[in-house]
Amino acid sequence: WVNAAGGLAKLKISNNSTKMFAWASCGSGYCDWGSTTLIKSGTKYKASYNDNVAKRYLILAKMGNGKLKVEATYIYKDNRPTKKFTYYFKKSGSI
């Protein structure tokens with residue numbers, strides 16, 4: 001899955017939709033967030049990433065047009081306020 005709009009840029013979902021790898025846009029390249037477990041919750045999937053910058057919670061949902069919608073909440077570990085983002089991905093694999 002790819003998102004050309006910036007922020008969370010690429011997702012790779014594997015192991016029968018139980019594991020996800022994520023990359024964010026960083027300068028002229030990508031920052032590897034690593035892998036995490038996907039948890040199915042109804043028709044959606046939930047995932048989280050925790051690093052030295054922020055704890056990030058993601059909710060993934062397939063849309064009727066074949067795209068993937070990702071709602072993200074970033075809780076920063078410094079004084080920055082919590083931020084919410086919505087990303088839309090085009091398919092380059094499967095969920």
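Look up: the structure comes first, before these words.
Residues numbered from 1 in each chain as written. Predicted model: local features only at pLDDT ≥ 70, side-chain atom pairs only at ≥ 80, totals over all residues. Heavy atoms only, no water.

*Asks:* Whenever I open this one, the packing of aromatic side chains confuses me. Can you help?
*Replies:* Geometry of an aromatic ring pair is reported as the spacing of the ring centres plus the angle between the planes. Inspection of the entire model under this criterion finds 5 aromatic pairs. Considering the side-chain rings of Trp33 and Tyr74, the 6.0 Å spacing of their centres and the 65° angle between planes classify their relative orientation as edge-to-face. Pair noted here: Trp33 is in strand E3 (residues 29-37) and Tyr74 is in strand E7 (residues 68-76), with a separation of 41 residues, a long-range link. No difference in accessibility class separates Trp33 from Tyr74, as the two residues are buried. Summarising the aromatic geometry, the rings of Phe85 and Tyr87 are spaced 5.9 Å apart at their centres and angled 20° between planes, so their arrangement reads as stacked. You can call Phe85 partly exposed: its relative accessible area is 30%. Under the relative-accessibility criterion, Tyr87 is labelled buried at 8%. Through a chain of ring-to-ring contacts, three or more aromatic side chains come together here, namely Trp33, Tyr49, Tyr74, Tyr76, Phe85 and Tyr87. Sitting over the ring of Phe21, Lys12 keeps its end group 6.0 Å from the ring centre. Its guanidinium or amino end placed over the ring of Tyr74, Arg56 lies 5.2 Å from that ring's centre, counting from NZ or CZ. (Phe/Tyr/Trp six-rings, centres within 6.5 Å; stacked < 30°, edge-to-face > 60°. Helix = DSSP H or I, 4+ residues; strand = E, 2+ residues; numbered from the N terminus. Buried < 20%, exposed > 50% of the residue type's maximum accessible area, 1.4 Å probe, protein only. Lys NZ or Arg CZ within 6 Å of the ring centre and 35° of its normal.)

*Asks:* What is the right way to look at the pattern of salt bridges in this model?
*Replies:* If charged atoms from side chains of opposite charge come close, those side chains can pair. What the rule picks out here adds up to 3 salt bridges. Salt-bridge contacts for Asp51 lead to Arg56; the nearest nitrogen and oxygen are separated by 2.7 Å. Classification of Asp51 by relative accessible area gives partly exposed; the value is 28%. For Lys69, the salt bridge is made with Glu71, and the minimal N-O distance between the two is 3.9 Å. (Salt bridge = Lys/Arg side-chain N within 4 Å of Asp/Glu carboxyl O.)

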